[in-house]
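Residue-level structural notes
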Amino acid sequence: ARTWGRRIGRDLADLGFNLDFAPVLDVHSNPANPIIGDRAFAGDPERVAACAVAFLEGLESAGVRGCGKHFPGHGDASVDSHLDLPVLDLDPDLLASREIPPFAAAVRAGLGMVMTAHCRVPAIDPDHVATLSPAFLRDWLRGRLGFAGCIVTDDLGMQGIARDNSPGRIAALGLAAGVDLFLHCGAKGEGLALVDVLAAAIASEPALADAARSSHARVRAFRALLA
């Protein structure tokens, strides 16, 4: 894993990239998962953690920063979050013992960016997809794991989040939950439109403006680490 991380990092660096949305930190805990599958290193959290950290070390030895995904774990999903919202039947103990350890290991190894999962875990937060959940982003990721880096959303055009959330709701809830970077892969200018939505949300509420300033500081700190 370390060797392949270094090879991929060198190839990306040769092409001018300084960030890779890898490694995948999901545990392949559901054989019927239609989207993670062999994107995961393994079905055992300790093996996933070991391989992912080794991959990250190899990648970053080539001057390319990594981004672990998809927090808090997408491995137990039974539907593709590009097409629908996965609802995961995980209690806090199972989440902590199976899904979280690879993220914890990567954070300890110096991971600077984490990508969210468009999944809902009712036992932790029945009201929000994890991408918009303060329980996951503030309490679990920043609080329990001590992550101080950048939080980036998965693609906001995916139906797992877009179906039930307007751009305005995504902007307001995402900022409040601790999202630092909003990713939209749409080819019709959706990303640029989201800039205006974010600006309106920040202008409308002082608390969101404060959250945006904190996010800006984290993004600047992360950018300073890029080659």
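Residues numbered from 1 in each chain as written. Predicted model: local features only at pLDDT ≥ 70, side-chain atom pairs only at ≥ 80, totals over all residues. Heavy atoms only, no water.

**A few points about the pattern of salt bridges**
Rules: We count a salt bridge whenever a side-chain nitrogen from Lys or Arg sits within 4 Å of a carboxyl oxygen from Asp or Glu.
As enumerated under the stated definition, the model contains nine salt bridges in all. Taking the shortest distance from any N to any O, the salt bridge between D164 and R163 comes out at 3.0 Å.

**Let's talk about helix α4 (residues 101-108)**
This is how the line gets drawn: Any residue under 20% of the maximum accessible area for its type is buried, any over 50% is exposed, and the rest in between are partly exposed; the area is computed with a 1.4 Å probe on protein chains only. By definition, any uninterrupted DSSP run of H or I lasting at least four residues is a helix, any uninterrupted run of E lasting at least two residues is a strand, and each is numbered from the N terminus. We call two residues in contact when some of their heavy atoms are within 4.5 Å.
The buried fraction of α4 is high, at six of eight residues. Among the residues of α4, those classed as buried are P102, F103, A104, A105, A106 and V107. Against the buried residues of α4 lie α2 (45-61), β3 (68-71) and α3 (92-99). Positive phi appears at G110, one or two residues downstream of α4, with a value of about 100°.

**A closer look at the nonpolar core**
For clarity, the threshold we go by: Residues belong to one nonpolar core when they are buried, are Ala, Val, Leu, Ile, Met, Phe, Trp, Tyr or Cys, and are joined through side-chain atoms within 4.5 Å.
Core analysis: the largest hydrophobic core is formed by 44 residues, its most contacted members being F71, F136 and F182. Mapped by element, the contributors of at least two residues to this core are α2, α4, α5 (134-144), α7 (167-177), α8 (190-204) and α9 (206-223). Dropping the residues within four chain positions of it, F182 is found in contact with T153, L156, I170, A171, G174, L175, L194 and L198. M113, M115, C150 and V219 belong to the second-largest nonpolar core, a separate cluster that totals seven residues.

**Description of unusual backbone geometry**
With an omega dihedral of 15°, the bond running from A22 to P23 counts as a cis peptide bond. Structurally, P23 can be placed in the loop between β1 (19-20) and α2. Residues F71 and P72 are joined by a peptide bond in cis, for which omega reads 10°.

**Section: α3**
Side chains that are three or four residues apart share a direction in an α-helix, a result of its 3.6 residues per turn. Here is the rule: The reported arc concerns the directions from the helix axis to the C-beta atoms and nothing else. Between N or O atoms, a polar contact is any pair within 3.5 Å; within protein, one atom must be a potential hydrogen donor and the other a potential acceptor, and residues adjacent in sequence are included only when both atoms are from side chains.
Those residues of α3 that sit buried are L95, R98 and E99. In a view along the axis of α3, the buried residues occupy a sector of 95°, so they form one face of it. Lining the buried residues of α3 we find α2, α4 and α5. If you check the start of α3, you find a side-chain oxygen 3.1 Å away from the backbone N of D93, and it comes from D91.

**Quick look at the sheet that holds β3**
Rules: Criterion used throughout: strands pair if DSSP finds at least two bridges between them. Lines fitted to the C-alpha atoms define the axes, with helices restricted to the stretch that makes contact. Angles between their N-to-C directions range from 0 to 180 degrees.
What the three strands build is an open sheet, ordered β3-β4-β5; its pairing is parallel. A strand with exactly one partner marks an edge of an open sheet, and here the two such strands are β3 and β5 (150-152). Recorded for the sheet is a direction-independent mean angle of 30° between the axes of neighbouring strands. In this structure, β3 lies alongside strand β4 (residues 113-116), joined through two bridges in parallel fashion. Within the sheet, the bridge partner assigned to G68 lies in β4 and is V114. Each of β3, β4 and β5 is contacted by α5, which is oriented at about 135° to β3, the strand it contacts most.

**Topic: the packing of aromatic side chains**
To keep it simple, the criterion reads: Any two rings among Phe, Tyr and Trp, with Trp reduced to its six-membered ring, count as a pair given centres within 6.5 Å; such a pair is stacked if its planes are under 30 degrees apart, edge-to-face if over 60, and tilted if neither. Each ring is checked for a lysine NZ or an arginine CZ that lies within 6 Å of its centre and within 35 degrees of its normal; such an atom marks a charge sitting over the ring.
A complete count under the given rule lists three aromatic pairs for this structure. Sitting above the plane of the W4 ring, R7 keeps its charged end 4.8 Å from the centroid. Across from the ring centre of W140, 3.9 Å away, lies the NZ or CZ of R144, which sits over that ring.

**Focus: the packing of α2 against α4**
Helix-helix packing: each pair is described by the crossing angle between the helix axes and the interaxial distance. Where we set the bar: Angles below 35 degrees are treated as roughly parallel, those above 145 as roughly antiparallel, those between 65 and 115 as roughly perpendicular, and all remaining angles as oblique. Each crossing is labelled by how the near helix is turned from the far one, with a counterclockwise turn of less than a right angle marking it left-handed and a clockwise turn marking it right-handed.
Axis separation between α2 and α4 bottoms out at 8 Å; the angle between their running directions is 30°. Taken together, the axis directions place α2 and α4 in an arrangement best described as roughly parallel. Helix-helix and strand crossings are classified by hand; for α2 and α4 the assignment is right-handed. Contacts between α2 and α4 involve P45, V48, A49, V53 and L56 from the former and P101, P102, A105 and A106 from the latter.

**Points about the environment of V79**
Tracing the chain through its elements places V79 in the loop between β3 and α3. Its relative accessible area of 28% is what places V79 among the partly exposed residues. Setting aside residues up to four positions removed in sequence, V79 forms contacts with P34, I35, H74, D84, L85 and P86.

**Concerning the environment of V219**
If you trace the backbone, V219 turns up in helix α9. C-alpha separation for the pair V219 and R163, spaced 56 residues apart in sequence, amounts to 28 Å. Apart from the residues lying within four places of it in its own chain, the contact partners of V219 are C150, D180 and L181.

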